[in-house]
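# Structure at a glance
Residue strings, one per chain:
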Amino acid sequence: MLVLLILHLVAALVAPLLVRWWGPRACYPLALAPAAAFGWAVARTPAVRNGGALVETYPWVPQLRLELAFRLTTLSWLMTLLVGGVGALVLVYCARYFAAGSAGLARFAAVLVAFAGAMLGLVLADDLLLLYVFWELTTIFSYLLIGHSTERRASRWAAAQALTVTTFGGLAMLVGFLMLGRHAGGYRWSELAGAGLPAGGYLATAVLLVLAGALAKSAVLPFSGWLPQAMAAPTPVSAYLHAAAMVKAGVYLLGLLAPVLAAVGPWRPVTVTAGLLTMLGAGWAALRQCDLKLLLAYGTVSQLGLLTVVLGAGTPKAALAGAAMLLAHALFKAALFLVVGAIDHTTGTRDLRELSGLGRQAPLLAAVAVLAAASMAGLPPMVGFVAKEAVLAAFADQPLVLAGLVAGTALSVAYTARFVWGAFGARPPAEQTEPQPVPAAMLGPPALLAAAGLVVGLLAGPLGALLRPYAELFGPVPEHLALWHGPTLALGMSALALAGGAALFALRGPLVPVLARVRAPVASARGYEWLTHAFDRLAIEVTSATQRGSLPQYLGTILLVLVVVPGGAMLTAGPWRQRVALWETPLQLVVGLVTVVAALLAVGARRRLTAMLLVGVTGYGSAMMFVLHGAPDVALTQFLVETATIAVFVLVLRRLPERFSTRPLRRSRWVRRSVGAAVGVVLAGLCLVAVGARTASPISLAFPGLAVSDGYGRNVVNVVLVDIRAWDTMGEISVLVVAATGVASLIFQRSRTGPRPRRPERSLRRGPRRGPQRPVWLRGGPTLTMRRRSIVFEVVTRLIFHTIVLFSLFLLFSGHNAPGGGFSGGLVAGLALTLRYLAGGRYELAEAAPVAAGTILGAGLAMSVGAGVVALVVGGSVLESAKVDLWLPGIGNFYVVTSIFFDVGVYLIVVGLMLDILRSLGAEIDRHIEATGKTEGGLIVDPQGWRP
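Numbers given for residues are sequential positions, taken from 1 along each chain in its written order. Reporting in this predicted model follows two pLDDT cut-offs: at least 70 for local features of residues, and 80 or more for side-chain atom pairs to be given and counted; totals over whole chains, interfaces and linings ignore these cut-offs and use all residues. Computation of side-chain values covers all heavy atoms of the structure but excludes hydrogens and water.

Runs of E in the DSSP output that reach at least two residues are strands. Runs of H or I that reach at least four are helices, and both are numbered from the N terminus. Regarding its fold elements, the chain presents 38 helices and four strands. Summarising its shape, the C-alpha atoms of the chain cover approximately 115 × 75 × 70 Å along the three principal directions. Looking at the chain as a whole, 49% of its 948 residues qualify as buried. Residue exposure ignores everything except the shown protein chains as possible cover, and the areas themselves are Shrake-Rupley values with a 1.4 Å probe. Summed over all atoms, the accessible surface of the chain reaches about 44,100 Å², with 67% contributed by carbon and sulfur. In the chain, 73 positive and 41 negative side-chain charges are present, and the distance between their average locations comes to 8 Å. For each residue, the accessible area found with a 1.4 Å probe, counting protein chains only, is set against the maximum for its type, and the residue is called buried under 20%, exposed over 50%, and partly exposed in between. His is not counted, nor are the chain ends; Lys and Arg add positive charge and Asp and Glu add negative charge. A single reference atom marks each charge: NZ on Lys, CZ on Arg, CG on Asp, CD on Glu.

This paragraph deals with helix H18 (residues 363-377). The span you would expect from a helix comes to 1.5 Å times its residue count less one. Look at H18: 20 Å from first C-alpha to last across 15 residues, which is about the 21 Å you get at 1.5 Å a residue. Taken residue by residue, H18 has Leu 365, Ala 366, Val 368, Ala 369, Ala 372, Ala 373, Ala 374, Ser 375, Met 376 and Ala 377 as its buried positions.

On to the packing of aromatic side chains, then. For Phe, Tyr and Trp, rings pair up if their centres lie within 6.5 Å, where Trp contributes its six-membered ring, and each pair is then called stacked (planes under 30 degrees apart), edge-to-face (over 60) or tilted (otherwise). For the structure shown, the criterion picks out ten aromatic pairs. Their ring planes at 45° and their centres at 6.4 Å tell us that Phe 168 and Phe 223 sit as a pair that is tilted. You can see Phe 168 sitting in helix H8 (residues 153-184) and its partner Phe 223 sitting in the loop between helix H10 (201-217) and helix H11 (226-229), a full 55 residues away along the chain. With relative accessibility at 53%, the residue Phe 168 sits in the exposed group.

With that settled, the discussion passes to the packing of helix H3 (residues 32-43) against helix H5 (residues 74-97). Running from N to C, H3 and H5 point in directions that differ by 145°, and their axes come no closer than 7 Å. By crossing handedness, the relation of H3 to H5 is classed as left-handed. Residues Pro 34, Ala 35, Ala 37, Phe 38, Trp 40, Ala 41 and Val 42 of H3 form the contact with H5, whose own contacting residues are Trp 77, Thr 80, Leu 81, Val 83, Gly 84, Gly 85, Gly 87, Ala 88 and Leu 91. Only the contacting stretch of a helix is used when fitting its axis, a line to C-alpha atoms as for every element, and angles between N-to-C directions run 0 to 180 degrees. Left-handed describes a crossing whose near helix is turned anticlockwise from the far helix through less than a right angle; right-handed describes the clockwise counterpart. Only heavy atoms enter the contact rule, under which two residues are in contact if any of them lie within 4.5 Å.

Next up on the list: the pattern of salt bridges. Take a side-chain nitrogen of Lys or Arg and a carboxyl oxygen of Asp or Glu: if they are within 4 Å of each other, that pair is a salt bridge. A full pass over the atoms with the stated rule returns ten salt bridges. Asp 126 is the salt-bridge partner of Arg 188, the closest N and O atoms lying 2.8 Å from each other. Of this pair, Arg 188 sits in the loop between H8 and helix H9 (189-192) while Asp 126 is found in the loop between helix H6 (105-124) and helix H7 (128-146), placing the two residues 62 residues apart along the sequence. The burial state of Arg 188 is the same as that of Asp 126; both residues are buried.

The next point concerns unusual backbone geometry. Here the amide bond leading from Leu 221 into Pro 222 is cis, since omega sits at 5°, within 30 degrees of zero. Within the element layout of this structure, Pro 222 appears in the loop between H10 and H11. Backbone torsion omega between Pro 380 and Pro 381 reads 5°, so that peptide bond is classified as cis. Mapped onto the fold, Pro 381 is located in the loop between H18 and helix H19 (383-394).

On the secondary structure map, Gly 619 appears in helix H28 (residues 608-628). For Gly 619, a relative accessible area of 6% corresponds to the buried category. When the C-alpha positions of Gly 619 and Gln 638 are compared, they lie 7.3 Å apart, and in sequence the two are 19 residues distant. With residues up to four places along the chain from it excluded, the contact list for Gly 619 reads Gln 638 and Glu 642.

As a further point, take the nonpolar core. Residues enter a nonpolar core if they are buried and are Ala, Val, Leu, Ile, Met, Phe, Trp, Tyr or Cys, with the set joined through side-chain atoms within 4.5 Å. Tyr 240, Leu 253, Phe 395 and Leu 405 are the most contacted members of the largest nonpolar core, which has 203 residues in total. Per element, the largest residue contribution to this core is 22 residues, and it comes from helix H16 (residues 316-347). With residues near it in sequence (within four places) discarded, Phe 395 still touches Val 309, Val 310, Ala 313, Ala 318, Val 401, Leu 402 and Leu 405. Core analysis: the second largest hydrophobic core is formed by 40 residues, Leu 879, Val 906, Val 910 and Met 914 among them.

Strand direction decides the pairing type here: strand E3 (residues 883-888) and strand E4 (residues 892-897), joined by six bridges, are antiparallel. Looking across to E4, one finds that Lys 883 is bridged to Val 897. Note on pairing: two strands pair once DSSP finds at least 2 bridges between them.

Confidence scores here are pLDDT values: one per residue, from the predictor, ranging 0 to 100. For the chain, per-residue confidence averages 83 on the pLDDT scale, and residues scoring 70 or more make up 91% of the total. Averaged pLDDT values over the elements of the chain bottom out at 41 in helix H34 (residues 763-766) and peak at 92 in H3. In the model, residues 759-772 has pLDDT below 50 throughout and makes 19 contacts with residues more than four positions away in sequence or in other chains. Note on residues 936-948: pLDDT is under 50 here. Beyond four places in sequence and across chains, it has 40 contacts.

At a minimum axis separation of 8 Å, H5 and helix H22 (residues 460-471) run at an interaxial angle of 130°. As the angle between them shows, H5 and H22 are arranged oblique. Together, Thr 74, Leu 75, Trp 77 and Leu 78 of H5 and Leu 466, Leu 467, Pro 469 and Tyr 470 of H22 make up the contact between the two elements. Roughly parallel here means an angle under 35 degrees, roughly antiparallel means over 145, roughly perpendicular means 65 to 115, and every remaining angle is called oblique.

Residues Val 580, Leu 582, Trp 583, Leu 589, Leu 593 and Leu 688 make up a contiguous nonpolar surface patch of about 580 Å² in total accessible area. Locating Leu 688 in the fold gives a position in helix H30 (residues 666-692). For patch building, the residue pool is restricted to those with more than 30% relative accessible area and no salt bridge; the joining distance is 9 Å between like charges and 5 Å between nonpolar side chains (Val, Leu, Ile, Met, Phe, Trp, Tyr).

For helix H15 (residues 292-312), spanning 21 residues, the distance from its first C-alpha to its last is 30 Å, which sits close to the expected 30 Å at 1.5 Å a residue. The buried fraction of H15 amounts to 20 of the 21 residues, a majority that puts the element mostly inside the structure. Capping the start of H15 is the job of one residue whose side-chain oxygen sits 2.8 Å from the backbone nitrogen of Lys 293: Asp 291. Taken from the residues just after H15, Gly 314 is the one with a positive phi, measuring 75°. N or O atoms closer than or at 3.5 Å make up a polar contact, with two conditions inside protein: a donor-capable atom paired with an acceptor-capable one, and, for residues adjacent in sequence, both atoms drawn from side chains.

On to the environment of Leu 145. Mapped onto the secondary structure, Leu 145 falls in helix H7. Overall, Leu 145 belongs to the buried group, its relative accessible area being 0%. Here the alpha-carbon distance between Leu 145 and Leu 78, two residues 67 residues apart in the chain, equals 24 Å. Leu 145 has contacts with Phe 108, Val 111, Leu 112, Phe 115, Ala 233, Pro 234, Val 237 and Leu 241, leaving out every residue within four places of it along the chain.

Within the secondary structure, Glu 844 sits in helix H36 (residues 822-848). Residue Glu 844 is classed as buried on the basis of its relative accessible area of 2%. Those residues in contact with Glu 844 that lie beyond four places of it in its chain are Leu 778, Arg 779, Gly 780, Gly 781 and Arg 836.

Along the chain, Leu 253 turns up in helix H13 (residues 246-261). For Leu 253, a relative accessible area of 1% corresponds to the buried category. The sequence separation of Leu 253 and Ala 154 amounts to 99 residues, and the corresponding C-alpha distance is 30 Å.

Spelled out as structure tokens, the structure:
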């Protein structure tokens, strides 16, 4: 089974290439993928004939006890035949339906094959979560197929509607699956069916959620509106998705779950009521349609309602009848959709008011249509008749349901006659339709499907024997499928339905005013549009009420929720009552007091720079706490991060007013201080709760030993980052790259990787042409105005810059066994670049780092990823460290750990991030200031930015 899914995946991937080579004829080889599924199912018939099952399982997420579990039973065998057989014929049909050079054909072919594979996975999945994955894949692929004609608004709207409705139902269904699986302790349906299900409201809620997904997928009320709108898709899509495959997913799910869930309270009332209303309402709407495709679409919705009633009934006779009707509907409806596509292709219209005499002009096409339509109307000896008789017999003891089914069947007879008459009848007032010849590739697939409906109807007995194991899941089966059961109630009801349908068709003229008046109070398309607009309006109102553009308001809301919810729970439970040592040494008390005082002063500061420096003091205080607790590596990182943060804040504050505004007022200041104090108390309490709630030994106790034995280093923090939890570090450095890209995208108005800026007045740094050359400490210094220059700063920067860079490299290479590492080293190197920028401006920064920040970021990410891939290539796990023993003259024996290359990548990414920040928040803002002549705070500067 997994091989079949992989085959469809490969076919979908190569489809664009095949279409580029062969055009529409590429659909012929692509049809081999679903044809293989059909052949495989035929070959497995003996295995499922007597109720057997084929099972395949592959590990998926062992920690969650999830598997790629597939199971072929009678119902899934039947659906596999339909998905594979109809899919292959539709692809053959597409080879002539589309013209050479059709726009988007490569994408269409790939998505159609991928949809066939997703549908195959859906019907074979035994794990409910795996079924949901394939369920949503079919939703996505159907969205792409319905919206194939992207230039047409109707296609885009229909695709969005189908996606919205079916996704909503799918999410509800997922919640139901989670509820069932969590109670049973697993998601394998074959195992869950035998386990004890929950009782009461819990199970009823889960069932209602699952039913919402099934009804939405199969376009059953109240979710019927999306399927007629989806007729904007190409006709082969309608024949496959909306007749034989996608819309069958919902009724298939009902048939799959009914043996276990049909007895649950809301199951039968919901399925029977929604199914009957859908059958009658859509059947009545079909009589009003003049577009042949829309007529079939409403007929499909009507018959999906019928299938919902039958497969949801949960009785042996109804199950047997439902399986037969599932097969019959796929055969005749797919054939009729393909016939409509041939009519549209050869005549250029689908409007039955414009067609006349087509039966004489295309007799073979008419014969195929009549044969398939006979099955849809339930005429013997077609399989549709066999299934309809079985359905009526299954509900003979339920008068109300039987009456609804007879009325719906009469409507199906009437709109079937309208279809045949409208497509192929001759009407004197209309001009004779002159079609083009129907290609064999377009006539063959519907002819095969229609003929299959006849052959299967004649073989009703063997068909019943094959479907009987599914019906026996509900209990003993007293009925069997046959063309003739004698004079029964079902036969009488069938004759009544035929007579009623014929009468409705014969009275079609007088019924026109009635059809126009008797309709749903709100059209489905208008109802969906109203609902979506109502949600849009609600979103606007909620957004305008909550998203006020005030950062303090947003932050205050978040913090208040933190205080009320976790804080309230903490106070109620009281798990924090334990003895706490306030400090271990007096130095901790001193550092703590300094931090608290700095925080309080920061709250009352009026200058932005003062507040920022005081906040920095709190960060340095935290670093000192790490030192006092014996964590020098963490303390070093905290010191460096705090220093880099202050530098970045200084760059940003240049574009902000010097002082805070007069707001907030005095009263709101105290409110904010109160919220801050409450948050501090709650977080301190949560920390105590978290520490005191531990019952198991922390896994970190094993880290020191693992750091030496597996990571070959004594600095536990660094080994954790580059080895034990290297995947986390990989994610974090990826976020850094994204953050750097985002910062640059917001600031730069031009490419950040373009040529380096040309320096004005090169003579300032080169000196006069005659005489001795004037010494320059920093080449970018002369580009600054005299007010912004500091010769002492330039001299100090020139003296210590290279030392700082060497120190950063020392931290990088010594970090595996001593405090340091790639992150700390990168921060030190970034601070060295910051020093050069502050001393000499943006041109000096270009001198210090004559390479694009993006190049450094990319090189660092590539090196980190490459280090993990190399470990995999040499036979280890991804990002697994290896020790390499080396010897050099004069040095002796030493070793290198391969994780150093991962750390070098981290180093480069941090350097690239700092460089990107300096060039965006520093150099690029300098350029903005030079161009505008002022800062945001109103401070006038030299527009040129350099000495005249």
